[in-house]
Amino acid sequence: REQQVAQAMTWSDPARDVGVARELALRALRDAPLHCVWSGRRLTDSNADIDHCFPWAAWPCDHLWNLMPAHRAVNRHQKRDRVPSDTTLRSARERILEWWERGYARGNDAIVQRFRTEARAGLPAMPEGTFGLEDVFAAVAIQRVRLRQDQGAAEWTVDDGGRRTSAASKPS
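In this text the structure is predicted, and so the values were computed from the model without any measurement.

(A) Expanded view of the overall build of the protein. Across its full length, the protein holds seven helices and five strands. Secondary structure elements of the protein, listed N to C terminal, follow the sequence α-α-β-β-α-β-α-α-α-α-β-β. In the protein, which comprises 172 residues, the share counted as buried stands at 44%. Here the contacts in the protein between residues at least 6 apart in sequence split such that 65% fall between residues at least 24 apart. As displayed, the protein has an accessible area near 9500 Å², and 48% of this comes from carbon and sulfur atoms.

(B) Layout of the environment of Val74. Within the secondary structure layout, Val74 lies in helix 3 (residues 72-79). Judged by relative accessible area, Val74 falls into the buried class, the value being 0%. Separated by 23 residues in sequence, Val74 and Asp51 have C-alpha atoms that sit 9.2 Å apart.

(C) Spatial organisation of the pattern of salt bridges. Tallied over the full model, the rule gives 10 salt bridges. Between Arg27 and Glu23 there is a salt bridge, and its shortest N-O distance comes to 2.5 Å. Taken together, the residues Arg27 and Glu23, both in helix 2 (residues 19-31) and four residues apart, mark about one turn of the helix. Among the salt bridges present, the one from Arg93 reaches Glu134, with a minimum N-O distance of 2.3 Å. Of the two residues, Arg93 sits in helix 5 (residues 93-105) while Glu134 sits in helix 7 (residues 133-151), which places them 41 residues apart along the sequence.

(D) Geometry of the packing of helix 5 against helix 7. Interaxial distance between helix 5 and helix 7 falls to 10 Å at its minimum, and their mutual angle equals 125 degrees. Here helix 5 is positioned oblique relative to helix 7, judged by the angle of their axes. The chirality of how helix 5 crosses helix 7 is right-handed. Contacts from Arg93, Ile96, Leu97, Trp100, Glu101 and Ala105 of helix 5 reach helix 7 at Leu133, Glu134, Val136, Phe137 and Val140. Within the contact of helix 5 with helix 7, the residues separate by chemical class into eight nonpolar, no polar and three charged.

(E) Focus on the side chain of Asn66. Position of Asn66 relative to the elements: it lies in the loop between strand 1 (48-52) and strand 2 (67-71). Since its relative accessible area comes to 0%, Asn66 is described here as buried. In this view, Asn66 contacts Asp51, His52, Cys53, Phe54 and Cys61; residues no more than four positions away in its chain are not counted.

(F) Quick peek at the packing of helix 5 against helix 6 (residues 109-122). Running from N to C, helix 5 and helix 6 cross one another at 130 degrees; their axes reach a closest spacing of 9 Å. Our classification of the angle between helix 5 and helix 6 gives oblique. Taking contact as the criterion, the partners of Trp100, Gly103, Tyr104 and Ala105 in helix 5 are, on helix 6, Ile111, Val112 and Phe115. Here the residues of the contact of helix 5 with helix 6 are counted per class, giving six nonpolar, one polar and no charged.

The rules behind each value
- Residues numbered from 1 in each chain as written.
- Predicted model: local features only at pLDDT ≥ 70, side-chain atom pairs only at ≥ 80, totals over all residues.
- Heavy atoms only, no water.
- Helix = DSSP H or I, 4+ residues; strand = E, 2+ residues; numbered from the N terminus.
- Buried < 20%, exposed > 50% of the residue type's maximum accessible area, 1.4 Å probe, protein only.
- Contact = heavy atoms within 4.5 Å.
- Areas by Shrake-Rupley, 256 points an atom, 1.4 Å probe, with all protein chains shown as cover.
- Salt bridge = Lys/Arg side-chain N within 4 Å of Asp/Glu carboxyl O.
- Axes fitted to C-alpha atoms, helices over the stretch in contact; angles between N-to-C directions.
- Parallel < 35°, antiparallel > 145°, perpendicular 65-115°, else oblique.
- Left-handed = near helix turned anticlockwise from the far one by under 90°.
- Nonpolar A, V, L, I, M, F, W, Y, C, P; charged D, E, K, R; others polar.

Okay, here's the thing in structure tokens:
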């Protein structure tokens, strides 16, 4: 009994898993051009990365709605572990919606169901009853504000197609 209690009280760190999103992005690349959600740069097998929209450092969440195709240089050297600014998120809106449609909302029923379930579970601002990609985007925008205010997550703004960035200070 003591061993069960100790095991139940042990903190386990979640492990990152972008495998499904990466596989879907690579498959999408073979069908048609795919672009970085942040910079709009065309992706290839060699420069494609999967970015956590809300970085793992701020919120360890591998839900499909949080995993997006990004240019490797943008993800690893510019955005890194920062939350996209409101301006950056809004400017990426069409590319994000296109990715969600292409990667998660069409095709395999299991992926479609997983995307919907994870959006409802992981985004508290998701409206009851209805489900649309615009609803998910609106809930992501609200969650972005919460991460900035509640956790002081650093912010990132893309400029010039992802080549220059600025980091806003943490909110006080």
